[in-house]
Number of protein chains: 2
Amino acid sequence: MSNPTEGYRFHHSMIRIKDPEKSVPFYRDGLGMKLIRKFDFEKANFSLLFLAYYDGEVPNEPNMEWIFGERLACVELTHNWGTEKQDGYPYANGNEDVGKGFGHLAIVVPDVYAACERLERMGYNIRRKPGPMMGVVNIAFVEDPDKYWIEIVENKPKNQ
Amino acid sequence: MSNPTEGYRFHHSMIRIKDPEKSVPFYRDGLGMKLIRKFDFEKANFSLLFLAYYDGEVPNEPNMEWIFGERLACVELTHNWGTEKQDGYPYANGNEDVGKGFGHLAIVVPDVYAACERLERMGYNIRRKPGPMMGVVNIAFVEDPDKYWIEIVENKPKNQ
């Protein structure tokens, strides 16, 4: 019998953001993701931004067929127009008493200390300083511009 | 100059769950992911479960080095022990007025109608029936056992 979930794959995680002019530099320049595509939905007053690690050539303004057809693992940022002009933080990061649920997105890096030093120099807030977690791997948490937690985790054991 | 984010990649999204005995069947049997590893932290009273699409052979109880070293895109489920005995839903799904922020995880599938028909038959709740989104691709939303929204999206244009 054929596998009923053949061809299924994990494509993206969506989070709502206040201001793409803050979030794109964080995910693109701070974390090194490519902005694959921004879709603007003028009648509905929102934009979707897809970012991913992708080594190949991204077509100019790829369509949804390309985005969902390629083997990407994306972060999808939803921007409801106008939030960028609001005071404070419109969204819950999922880790406080109110709205707890979602935890974090995690990025694997070769050197968590170097990654955090660079992100801190760029002005981002290191929420948990780099160091061993459960004595096994080095991790840190950095806050994105909406205060979502981004885990930075090293892809080698800590005593290498 | 070398690229300072060389080797960075998106590894996982973490969500807190009430009961792994409900969530594992959903992600494994319903969505076809492999349970890569469950870590139990007895002193801290929680477990972490990593699930991913992975075609290769998963070692028996792979360590964190393997999990973070391999090119996986995982869902990480956090189970704080005891929540499974609570009434109701301990966590916010990120899409209601209280706790809005996180939106969804998205799974690409070859046929969104077949996927939803199967998930519905397994007893899961289809929140948005399959159909075209913005006239471009077919999508649906299904609820996981904690009512997190899982987008099911087709990897081909709708009029193929």
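Residues numbered from 1 in each chain as written. Chains lettered and ligands numbered in written order. Predicted model: local features only at pLDDT ≥ 70, side-chain atom pairs only at ≥ 80, totals over all residues. Heavy atoms only, no water.

An unreviewed UniProt entry annotates chain A as Aldoketomutase of Acrasis kona.

**Here we look at the pattern of salt bridges**
By the definition in use, this model includes twelve salt bridges over all chains. With a shortest N-O distance of 2.8 Å, arginine 28 of chain B and aspartate 29 of chain B are connected by a salt bridge. One network of salt bridges, in which partners are shared, links Arg127, Glu143 and Lys147 of chain A. (Salt bridge = Lys/Arg side-chain N within 4 Å of Asp/Glu carboxyl O.)

**Some words on empty space enclosed by the protein**
One water molecule sets the probe size; rolling that probe over the atoms shows where empty space is left. Inspection of the entire model under this criterion finds one cavity of 30 Å³ or more. In this structure, the largest cavity encloses a volume near 50 Å³. Lining the largest cavity are Ala92, Asn93, Gly94, Gly99, Gly101 and Phe102 of chain A together with Ala92, Asn93, Gly94, Gly99, Gly101 and Phe102 of chain B. Split into classes, the residues belonging to the lining of the largest cavity amount to four nonpolar, eight polar and no charged. (1 Å grid on protein atoms, 1.4 Å probe; cavity = no way out; pocket = protein on both sides within 12 Å on 5 of 7 lines; lining within 4 Å. Points joined across faces, edges and corners; volume = space filled by probe spheres on them. Nonpolar A, V, L, I, M, F, W, Y, C, P; charged D, E, K, R; others polar.)

**Examining helix α1 (residues 20-30) of chain A**
Residue and element names in this part refer to chain A. Buried within α1 we find Pro20, Ser23, Val24, Phe26, Tyr27 and Gly30. Of the residues that open α1, the one with a side-chain oxygen 2.9 Å from the backbone nitrogen of glutamate 21 is aspartate 19. Once α1 ends, the next one or two residues include glycine 32, with phi positive near 80°. (Buried < 20%, exposed > 50% of the residue type's maximum accessible area, 1.4 Å probe, protein only. Helix = DSSP H or I, 4+ residues; strand = E, 2+ residues; numbered from the N terminus. Polar contact = N/O pair within 3.5 Å; in protein donor to acceptor, adjacent residues only side chain to side chain.)

**Overview of the UniProt feature "domain: VOC" (unreviewed entry) in chain A**
The residues that UniProt annotates with the feature "domain: VOC" (unreviewed entry) are residues 9-155 of chain A. Note that residues 9-155 of chain A is 18% helix and 41% strand, and that its end C-alpha atoms are spaced 22 Å apart. (UniProt positions renumbered as here; feature names shortened; annotations may be inferred.)

**What to know about the pairing of strand β5 (residues 102-109) of chain A**
Across a regular strand the side chains alternate sides, sitting on one face of the sheet and then on the other. Of all eight residues making up β5 of chain A, eight are buried, and the element is well covered by its neighbours. Two elements, β5 of chain A and strand β1 (residues 9-17) of chain B, share six bridges in a ladder whose sense is antiparallel. Counted as the bridge partner of alanine 106 of chain A is histidine 12 of chain B from β1 of chain B. (Pairing = 2+ DSSP bridges.)

**Focus on the relation of the copies chain B and chain A**
Expressed as a screw operation, the relation of chain B to chain A combines 0.0 Å of axial shift with a rotation of 180°, fitting to an RMSD of 0.0 Å. Such a turn and shift between the copies fits a two-fold axis. When C-alpha distances to the rotation axis are compared across chain B, the minimum falls at glycine 99 of chain B, with a value of 1.8 Å. Residue by residue, 98% of the interface of chain B is reproduced at the interface of chain A, so both copies engage with the same surface. (Least-squares fit on C-alpha atoms with pLDDT ≥ 70 in both. Contact = heavy atoms within 4.5 Å.)

**With respect to the pairing of strand β7 (residues 137-143) of chain A**
Residues and elements named next belong to chain A. Of all seven residues making up β7, seven are buried, and the element is well covered by its neighbours. The alternating pattern of β7 places Val137, Ile139, Phe141 and Glu143 on one face and Asn138, Ala140 and Val142 on the opposite face, and all of these are buried. Relative to β7, strand β6 (residues 126-133) runs antiparallel, the two being bridged by five bridges. From the neighbouring strand, proline 132 faces β7, where its bridge partner is asparagine 138. Linking β6 back to β7 in an antiparallel pair, the connection comprises three residues, with methionine 134 at a positive phi of about 55°. Sheet topology places β7 next to strand β8 (residues 149-154); five bridges connect them, and they run antiparallel. When the bridges of β8 are listed, valine 142 appears paired with isoleucine 150. Hairpin remark: β7 followed by β8, antiparallel, with five residues in the connecting loop; positive phi at lysine 147, about 70°.

**Some thoughts on unusual backbone geometry**
Phi at glutamate 61 of chain A is positive, roughly 45°, even though this residue is not glycine. Tracing the backbone shows glutamate 61 of chain A in the loop between β3 (46-52) and α2 (64-69). For asparagine 45 of chain B, which is not glycine, the phi torsion reads 60° and is therefore positive. Along the polypeptide, asparagine 45 of chain B turns up in the loop between β2 (34-41) and β3 (46-52).

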